[in-house]
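Analysis of the macromolecular model
One letter stands for each residue in the lines below.
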Amino acid sequence: MNTALVIDNQIRRAVGRLKDRLEERRRRSRPPAAAAILRMRDGLVCCRVCSCTERQPCEPPCGWDQVDLCTGCAATVDALVEWVTGAHRPNKAALFREVSNQVKTEGRV
Ligand SMILES: [Zn+2]
Ligand SMILES: [Zn+2]
């Protein structure tokens, strides 16, 4: 077998394992759902943040990051955690004013 190909495959497998490990660590570092009681809507588990369900997903369509937290909300939480920990003086009220203004400007609800 071609040595370069063998090495290429080994690197690809090693990167895959590393990605798996990072993903695993990310999942484990997340706090478990606050309560074991899942919120339901139309007989389906709904996201504890935005109330989306498998039948009525977010736009763009989401999946599940945790059993009751959708990938859209999880990504937003990640971004906000980065902001809260990195911003000089993170003012949540000011942030949400900005969000509201932006939504108004874009002509959404
Ligand atoms: Zn959600
Ligand atoms: Zn969602």
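As the structure is a prediction and not an experimental result, all values here were calculated from the model. (Residues numbered from 1 in each chain as written. Chains lettered and ligands numbered in written order. Predicted model: local features only at pLDDT ≥ 70, side-chain atom pairs only at ≥ 80, totals over all residues.)

What about the overall build of the chain?
- Looking only at helices and strands, the chain features 3 helices and 4 strands.
- Element order for the chain, N to C, with α for helix and β for strand: α-β-β-β-β-α-α.
- The C-alpha atoms of the chain give a radius of gyration of 20 Å, which is well past the 13 Å a tight globule of 109 residues would have.
- Judged by the C-alpha coordinates and their principal axes, the chain covers about 60 × 40 × 30 Å.
- The buried share of the chain, reckoned over its 109 residues, is 6%.
- Counting contacts in the chain only where the partners sit at least 6 residues apart, residues at least 24 apart contribute 18% of the total. (Helix = DSSP H or I, 4+ residues; strand = E, 2+ residues; numbered from the N terminus. Rg over C-alpha atoms; globule rule 2.2 N^0.38 Å. Buried ≥ 20, exposed ≤ 12 C-beta atoms within 10 Å, placed from the backbone. Contact = placed C-beta atoms within 7 Å.)

Topic: the domain arrangement of the chain
- Here the chain is described as being made up of domain 1 (1-30) and domain 2 (33-105).
- Computed over C-alpha atoms, the centres of domain 1 and domain 2 are 30 Å apart. (Domains from an automatic or database assignment.)

A short note on helix H3 (residues 92-105)
- Between the first and last C-alpha of H3 there are 20 Å, a value that for 14 residues agrees with the 20 Å anticipated at 1.5 Å per step.
- For H3, a buried count of 0 out of 14 residues is recorded, marking the element as mostly open to its surroundings.
- Downstream of H3 by one or two residues, Gly107 has phi in the positive range, about 70°. (Expected span 1.5 Å × (residues − 1).)

With respect to the environment of Glu82
- Along the chain, the position of Glu82 falls in helix H2 (residues 71-86).
- Between the alpha carbons of Glu82 and Cys52 there is a distance of 24 Å; along the sequence they are 30 residues apart.

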